[in-house]
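Fold and geometry: a report
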Amino acid sequence: MHSAIKDRDYGVNPFIVIWEVTRACALKCLHCRAEAQYKPDPRQLSFEEGKRLIDDIAMMDNPLFVFTGGDPLMRPDLFELARYAIDVKKLSVSMTPSATPKVTRKAIQQAKDVGLSRWAFSLDGSSAEIHDHFRGTKGSYALTMNGIQYLQELQIPIQVNTTVSNYNLHDLVKISEKVKEMGAVLWSVFFLVPTGRGMEKDMITPQQHEDVMKWLCQVQQRMPYGVKATEAPHYRRVFVQEKLRQGEQGTAEAGIKRADLLGRAHKGVNDGDGFVFISHTGDVYPSGFLPVRCGNVREQPLTDIYRHSPIMKELRDRSLLKGKCGVCEFKALCGGSRARAYAVTHDYLESDPYCSYVPKRLSSI
């Protein structure tokens, strides 16, 4: 069994590490967390610095490791870095490139030859009209479909990422069908956090969050692929409640255990709690959506920053949560999106303002 799936202490080792290998990208997505630019930042980590970072990551009990951007394919040494991580350090590596002309059959063949475990594409609309508007680039949908076809031909496992917003809420059912047609192994559904280019006006309402999550529980049961929610830890709470509401045999604890498996982790992952993000310049954040700097890998090892940063330690202490998250009976399972709390209230320990659930302790008052 991969070490990332067995029981691990998130205070010591994360479940997943994301490295933004470059900010460069040819797209101009409406919600872009990175506010990507057309050319690489000259300050981005060098090849040797990247190798040192990979050395550090391997020392954290081999977490899942993802190359992201910008567009990772804009980095000429990408496959050399991947080869070092996979062959030398025995890490499980996946990648989330942008759908641009750089996604050629040759590039995907290179990824397969290197041993990338999974390739994730973003699909934010079931049609070119919706997807291209969201991506800010005409032709992006066609390039995504081409890339998916190459992955199918080369038998590389496909992950589809979708960001839920007011732009595509009406299209989610059709997107879910499209994900099935593609033969994807996982649909990773991101709930928009207003950071980078993402705007608060683009976010769906708290009740719509709840409704989409209830629907995702049905998708999870009905579809051949797995479903994972990102920046929506309350999906675990909704999953448990839906199972209990359906009268499924077993206790709430059994439901909670099953919910945790939705994220392919043995327990829920949250910003800074099982999750860590390294920017193109080496700055370390609890996640890409929570822009609170915890250190820089040029100045100290990632292991030290993740384990000992006061911000990371606060995020892992659920007793510090404020507002209704602090009194919620599901806080150990959920904990709310710390990134969304920060984006809206400027306090990463505040309640997730887009969760509609009223804890029992408050509803009885």
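Computed from a predicted structure; not experimentally measured. (Residues numbered from 1 in each chain as written. Predicted model: local features only at pLDDT ≥ 70, side-chain atom pairs only at ≥ 80, totals over all residues. Heavy atoms only, no water.)

Thoughts on the overall build of the chain
Just so we agree on the cut-off: Here a strand is any run of E in DSSP of at least two residues, a helix any run of H or I of at least four, and the numbering for each starts at the N terminus. The buried label applies to any residue whose accessible area, calculated with a 1.4 Å probe on protein chains only, is under 20% of its type's maximum; exposed applies above 50%, and partly exposed to all values in between. Only the protein chains shown count as cover for residues, with accessible areas throughout obtained via the Shrake-Rupley method and a probe of 1.4 Å.
Helices and strands together make up the secondary structure of the chain, namely 14 helices and 11 strands. Per-residue burial over the chain gives 58% buried out of 365 residues. A total of about 15,200 Å² of accessible surface is found on the chain, and carbon and sulfur atoms cover 53% of it.

Concerning the packing of aromatic side chains
Worth spelling out the cut-off: In this analysis, rings of Phe, Tyr and Trp, with Trp reduced to its six-membered ring, are considered paired at centre separations within 6.5 Å, and the interplanar angle assigns stacked below 30 degrees, edge-to-face beyond 60, and tilted for intermediate values. Any Lys NZ or Arg CZ found within 6 Å of a ring centre and within 35 degrees of that ring's normal is scored as a charge over the ring.
The tally for this structure, following the rule as stated, stands at 10 aromatic pairs. Ring geometry for Trp 119 and Phe 121: centres 5.9 Å apart, planes at 45°, overall tilted. The pair Trp 119 / Phe 121 is uniform in exposure class, with both members buried. In this structure an aromatic cluster arises from ring pairing among Trp 19, Phe 65 and Phe 67. The positively charged end of Lys 51 is found above the aromatic ring belonging to Tyr 84, 5.0 Å away from the centroid. A cation over an aromatic ring shows up here: Arg 316 above the ring of Tyr 306, its NZ or CZ 4.5 Å from the ring centre.

Some remarks on helix H4 (residues 128–135)
The periodicity of an α-helix, 3.6 residues per turn, causes residues three or four positions apart to be oriented the same way. Put simply, the rule reads: Any pair of residues with heavy atoms lying within 4.5 Å of one another is described as a contacting pair.
By the burial criterion, the buried members of H4 are Ile 130, His 131, Asp 132, Phe 134 and Arg 135. Buried residues belonging to H4 abut strand E4 (118–122), helix H5 (140–154) and strand E5 (158–164). Just beyond H4, the residue with positive phi is Gly 136, at close to 70°.

Some words on the packing of helix H7 (residues 206–222) against helix H8 (residues 234–245)
Here is the rule we go by: Between N-to-C directions, angles cover 0 to 180 degrees, with each direction set by a line fitted to C-alpha atoms, over the stretch in contact for helices. Left-handed is the label given to a crossing in which the near helix is rotated counterclockwise from the far helix by less than a right angle, and right-handed is the label when the rotation is clockwise. Basically, the charged four are Asp, Glu, Lys and Arg, the nonpolar ten are Ala, Val, Leu, Ile, Met, Phe, Trp, Tyr, Cys and Pro, and anything else, Gly included, counts as polar.
Two numbers describe how H7 lies on H8: the axes approach to 9 Å, and their chain directions differ by 65°. By crossing handedness, the relation of H7 to H8 is classed as right-handed. For the pair H7 and H8, contact is made by His 209, Glu 210, Met 213, Lys 214, Leu 216, Cys 217, Gln 220 and Gln 221 and by His 234, Tyr 235, Arg 237, Val 238, Phe 239, Gln 241, Glu 242 and Lys 243, respectively. Residues of the contact of H7 with H8, tallied by class, amount to 6 nonpolar, 5 polar and 5 charged.

Points about the pattern of salt bridges
The cut-off we apply is this: Only one rule defines a salt bridge in this text: a Lys or Arg side-chain nitrogen within 4 Å of an Asp or Glu carboxyl oxygen.
By the definition in use, this model includes 14 salt bridges. For Arg 293, the salt bridge goes to Asp 283, with nearest N and O atoms at 2.7 Å. Within this pair, whereas Arg 293 is found in the loop between strand E10 (283–285) and strand E11 (295–296), its partner Asp 283 is found in strand E10, the two being separated by 10 residues in sequence. Members of the salt-bridge network, linked through shared partners, are Asp 283, Arg 293 and Glu 299.

Digging into the state of the cysteines
What we call a disulfide is simply a covalent bond connecting the sulfur atoms of a pair of cysteines. Definition in use: Disulfides are defined in this document as cysteine sulfur pairs within 2.5 Å.
Inspection of every chain in the model, using the stated rule, returns 0 disulfides. Cysteine Cys 325 shares no disulfide, and the gap to the nearest cysteine sulfur, in Cys 334, comes to 6.3 Å.

Points about empty space enclosed by the protein
Stated formally: A 1.4 Å probe that fits into a set of points on a 1 Å grid over the protein atoms alone but cannot get out defines a cavity; an open set with protein on both sides within 12 Å along at least five of seven lines defines a pocket, and lining residues are those with an atom within 4 Å of a point. Grid points are joined across faces, edges and corners, and a volume is the space filled by probe spheres set on the points.
Counted according to the given criterion, the structure contains 2 cavities of 30 Å³ or more. When its volume is computed, the largest cavity comes out at roughly 110 Å³. In terms of lining residues, the largest cavity is bounded by 14 residues, among which Cys 325, Cys 328, Cys 334, Gly 336 and Cys 355 are the most central. Secondary structure elements with two or more residues in the lining of the largest cavity: H8 and helix H12 (323–327). When grouped by side-chain class, the residues that make up the lining of the largest cavity number 7 nonpolar, 3 polar and 4 charged.

Details of the pairing of strand E7 (residues 226–230)
To be explicit about the condition: DSSP calls a pair of strands paired once it identifies at least 2 bridges connecting them.
Taken across its 5 residues, E7 has 4 buried, putting it largely inside the fold. As judged from the 5 bridges shared by strand E6 (residues 186–191) and E7, these two strands associate in the parallel manner. Residue pairing for E7: Trp 187 is matched across the bridge by Val 227.

Some remarks on the side chain of Asp 347
Note the threshold: In protein, a polar contact requires one atom able to donate a hydrogen and another able to accept it; more generally it is a pair of N or O atoms within 3.5 Å, and residues adjacent in sequence count only if both atoms are side-chain atoms.
With respect to the secondary-structure elements, Asp 347 resides in the loop between helix H13 (338–345) and helix H14 (360–363). A distance of 2.6 Å separates polar atoms of two side chains, one belonging to Asp 347 and the other to Lys 322.

Structural notes on the confidence of the model for the chain
Test applied: The score called pLDDT rates the predictor's confidence residue by residue, from a low of 0 to a high of 100.
Averaged over all residues, the pLDDT of the chain equals 87, while 88% of them reach at least 70. Per-residue pLDDT stays below 50 along residues 249–263; that stretch engages in 27 contacts with residues further than four places along the chain or on separate chains.

A look at the environment of Pro 14
Mapped onto the fold, Pro 14 is located in the segment before strand E1 (16–20). Spatially, the C-alpha atoms of Pro 14 and Val 269 are 8.7 Å apart, while their sequence positions differ by 255 residues. Setting aside its immediate chain neighbours within four residues, Pro 14 contacts Arg 8, Met 60, Pro 63, Gly 274, Phe 275, Val 276 and Tyr 306.

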